[in-house]
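If you want the building blocks of each chain, they are given just below.
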Amino acid sequence: MKSKEFFAGLKAGMPVCVGYFSVSFGFGAMAIAQGITVWQAILISASNLTSAGQFAGLTVIATGAAIIEMILTQLVINSRYALMSLALGQRLGPNVGAGKRLIAAFFNTDEVFALGMSRGKQLTTGFFVGVGTVAALGWISGTAMGAIAGSLLPESVRMALGVMLYGMFIAIVVPQAREEKPILISVILALVLGCLFAWCPGLNQISDGLAIVISTVLAASACAVLFPVEEEVAQ
Amino acid sequence: MKIYLYILVMAVTTYLIRALPLTLFKKPIQNRFLKSFLHYVPAACLAAMTFPAILSATENWISGAIGLAVAVLLALCKKSLIVVAVASCAAVFLTEFIIH
């Protein structure tokens, strides 16, 4: 790994660092609101480096669900990373060894992936890990500050901060749904299913984490059958 | 102590999802259904996690609904991620403040 490439990555990743800081602040505050300690919130962010996955993980922990549910939730919610890792592996080429791949894998988040891939064929593991490192610093420090603030601030502010993560999800989903009609349909399907699991007698016995998994799988499968993507789009 | 087991399982699962395809499979996915499925997972998943959970995230469901409405409106106006998230928070805080 060339240090020059690594530093170029650190620099390029600064905007991601700032964005991650503000969002993970919300995660930290929410974790405290769910009864998790500052240290545990930091540990989650440092070991996972995901947004949606960590958030769903919080729900599983808070409801005291079975371990298998945690595995299922993470598998479904983070399944997109498998696709991104495949694409990243192709881009890095056959000359990059297993050691470097195992390090790069840890940092493969949506934004780090997007920034890395935007470098085209010049992408190196050094650059990728540089972007990932600065992004992770933002994510972990934001979590720490949010968790500390969350334990100091009054309940009303803490609750409002917890909504931040939902705000981020909405900011990601709405523009996509606006651009692509099949995505809009998948979103509507997922919402309808989510409401059924929340309010239908019988169905509302299913835990929140599992309900998210089932809603996601059903909505995404239906759209995959109805609107299969073109070859280039999926990559 | 069980929380550390949860965190460990969560971290290992997430890491394996990222690491296995990057190290083991050198060929791209050919199956069209699987490709399409993975294309639709992110948005569907975020939607399923946000609603109706946002309504029970606050003391009063009305503030959650207002936070949701503010976020959707701003996102439709193509505001940045941070603006949407912060405005949604502020809307929830103000609504809770008015209600009480």
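A word on the overall build of chain A
Argument step 1. Helix and strand counts for chain A stand at 13 helices and 0 strands.
Argument step 2. Traced from its N-terminal end to its C-terminal end, chain A shows the element sequence α-α-α-α-α-α-α-α-α-α-α-α-α.
Argument step 3. Dimensions of chain A along its principal axes, counting C-alpha atoms only, are 55 × 50 × 35 Å.
Argument step 4. Expressed as a percentage of the 235 residues in chain A, the buried residues total 51%.
Argument step 5. Considering only residue pairs separated by 6 or more positions, chain A has 77% of its internal contacts joining residues 24 or more positions apart.

Some remarks on the overall build of chain B
Argument step 1. Looking only at helices and strands, one finds 5 helices and 0 strands in chain B.
Argument step 2. When its helices and strands are written in sequence order, chain B yields α-α-α-α-α.
Argument step 3. Relative to a compact globule of 100 residues, whose C-alpha radius of gyration would be 13 Å, chain B shows 19 Å and is clearly more extended.
Argument step 4. The dimensions of chain B, computed from C-alpha atoms along their principal axes, are 55 × 40 × 20 Å.
Argument step 5. Here chain B, with 100 residues, has 47% of them falling under the buried criterion.

Points about the interface of chain A and chain B
Often, the extent of an interface is quoted as the loss of accessible area upon association of its parts.
Argument step 1. Residue-level contacts link 85 residues of chain A with 59 residues of chain B.
Argument step 2. In terms of residue count, helix H10 (residues 155–179) of chain A provides more of the side of chain A that touches chain B than any other element does, 21 residues in total.
Argument step 3. A breakdown of the residues in the side of chain A that touches chain B according to their chemical character gives 57 nonpolar, 25 polar and 3 charged.

Some words on helix H7 (residues 98–106) of chain A
Argument step 1. Within the span of H7 of chain A, buried status applies to Arg101, Ala104 and Ala105 of chain A. The buried residues of H7 of chain A occupy an angular sector of 105 degrees when the element is viewed end-on, so they sit on one face.
Argument step 2. Residues of H7 of chain A that are buried make contact with helix H6 (79–92) and helix H9 (125–152) of chain A together with helix H1 (2–23) of chain B.

Describing the packing of helix H12 (residues 208–226) of chain A against helix H2 (residues 32–50) of chain B
Argument step 1. Where H12 of chain A meets H2 of chain B, the axes come as close as 7 Å, and the angle between the chain directions of the two elements is 135 degrees. Here H12 of chain A is positioned oblique relative to H2 of chain B, judged by the angle of their axes. Considering the relative orientation of H12 of chain A and H2 of chain B, their crossing is right-handed. Where H12 of chain A approaches H2 of chain B, its residues Ile212, Ser215, Thr216, Ala219, Ala220, Ser221, Cys223 and Ala224 of chain A are matched on the opposing element by Phe33, Ser36, Phe37, Tyr40, Val41, Ala44, Cys45, Ala48 and Met49 of chain B.
Argument step 2. Split into classes, the residues belonging to the contact of H12 of chain A with H2 of chain B amount to 13 nonpolar, 4 polar and no charged.

Some remarks on the domain arrangement of chain A
All names here are of chain A.
Argument step 1. Under the domain assignment, chain A is made up of domain 1 (3–164) and domain 2 (180–235).
Argument step 2. Each of domain 1 and domain 2 has a C-alpha centre, and the two are 24 Å apart.
Argument step 3. Contacts between the two partners involve 10 residues from domain 1, matched on the other side by 9 residues from domain 2.
Argument step 4. Of all the elements in the fold, those that place two or more residues in the side of domain 1 that touches domain 2 are helix H4 (52–63) and helix H5 (67–77).

Section: helix H2 (residues 14–33) of chain A
Residue and element names in this part refer to chain A.
Argument step 1. Its 20 residues give H2 an end-to-end C-alpha distance of 29 Å, which sits within 8% of 28 Å, the value for a rise of 1.5 Å per residue.
Argument step 2. Counting buried positions along H2 yields 15 of 20 residues, so the element is predominantly enclosed.
Argument step 3. Looking at the residues trailing H2, positive phi occurs at Gly35, about 90 degrees.

Points about the environment of Ile66 of chain B
Argument step 1. Relative to the helices and strands, Ile66 of chain B resides in helix H4 (residues 61–76).
Argument step 2. With 25 residues separating them along the chain, Ile66 of chain B and Val41 of chain B place their C-alpha atoms 26 Å apart.

A closer look at the nonpolar core
Argument step 1. Grouped together as the largest cluster of nonpolar side chains are 111 residues, with contacts concentrated most on Val173 of chain A together with Ala44 and Cys45 of chain B.
Argument step 2. Residues lining this core come from more than one domain, with at least three contributed by each of domain 1 (3–164) and domain 2 (180–235) of chain A.
Argument step 3. Beyond its immediate sequence surroundings of up to four residues, Cys45 of chain B is in contact with Ala52, Val76, Ile77, Ile212 and Thr216 of chain A.

Let's talk about the packing of H6 of chain A against H2 of chain B
Argument step 1. Interhelical geometry of H6 of chain A versus H2 of chain B gives an angle of 130 degrees and a closest axis separation of 8 Å. Regarding the angle of H6 of chain A to H2 of chain B, the classification is oblique. Remark: the crossing between H6 of chain A and H2 of chain B carries left-handed chirality. Counted together, Ser79, Arg80 and Leu83 of chain A of H6 of chain A and Leu38, Val41 and Pro42 of chain B of H2 of chain B form the full contact between these two elements.
Argument step 2. Grouping the constituent residues of the contact of H6 of chain A with H2 of chain B by class yields 4 nonpolar, 1 polar and 1 charged.

With respect to the environment of Met84 of chain A
Argument step 1. Summarising the element assignment, Met84 of chain A is placed in helix H6.
Argument step 2. Along the sequence, Met84 of chain A and Met117 of chain A sit 33 residues apart, while their C-alpha atoms lie 9.8 Å from each other.

Topic: unusual backbone geometry
Argument step 1. Cis geometry marks the peptide bond from Phe51 of chain B to Pro52 of chain B, where omega comes out at 5 degrees.
Argument step 2. Along the chain, Pro52 of chain B falls in the loop between H2 and helix H3 (53–56).
Argument step 3. If you check the backbone angles, Leu49 of chain A has positive phi at about 55 degrees while not being a glycine.
Argument step 4. We classify Leu49 of chain A as buried; it has 25 C-beta atoms within 10 Å.
Argument step 5. The phi torsion at Lys78 of chain B lies on the positive side, around 60 degrees, for a residue other than glycine.
Argument step 6. As for its placement among the helices and strands, Lys78 of chain B is situated in the loop between H4 and helix H5 (81–99).

Conventions adopted
Residues numbered from 1 in each chain as written. Chains lettered and ligands numbered in written order. Predicted model: local features only at pLDDT ≥ 70, side-chain atom pairs only at ≥ 80, totals over all residues. Helix = DSSP H or I, 4+ residues; strand = E, 2+ residues; numbered from the N terminus. Buried ≥ 20, exposed ≤ 12 C-beta atoms within 10 Å, placed from the backbone. Contact = placed C-beta atoms within 7 Å. Rg over C-alpha atoms; globule rule 2.2 N^0.38 Å. Nonpolar A, V, L, I, M, F, W, Y, C, P; charged D, E, K, R; others polar. Arc of directions from axis to C-beta. Axes fitted to C-alpha atoms, helices over the stretch in contact; angles between N-to-C directions. Parallel < 35°, antiparallel > 145°, perpendicular 65-115°, else oblique. Left-handed = near helix turned anticlockwise from the far one by under 90°. Domains from an automatic or database assignment. Expected span 1.5 Å × (residues − 1). Core = buried A, V, L, I, M, F, W, Y, C linked by C-beta atoms within 7 Å.

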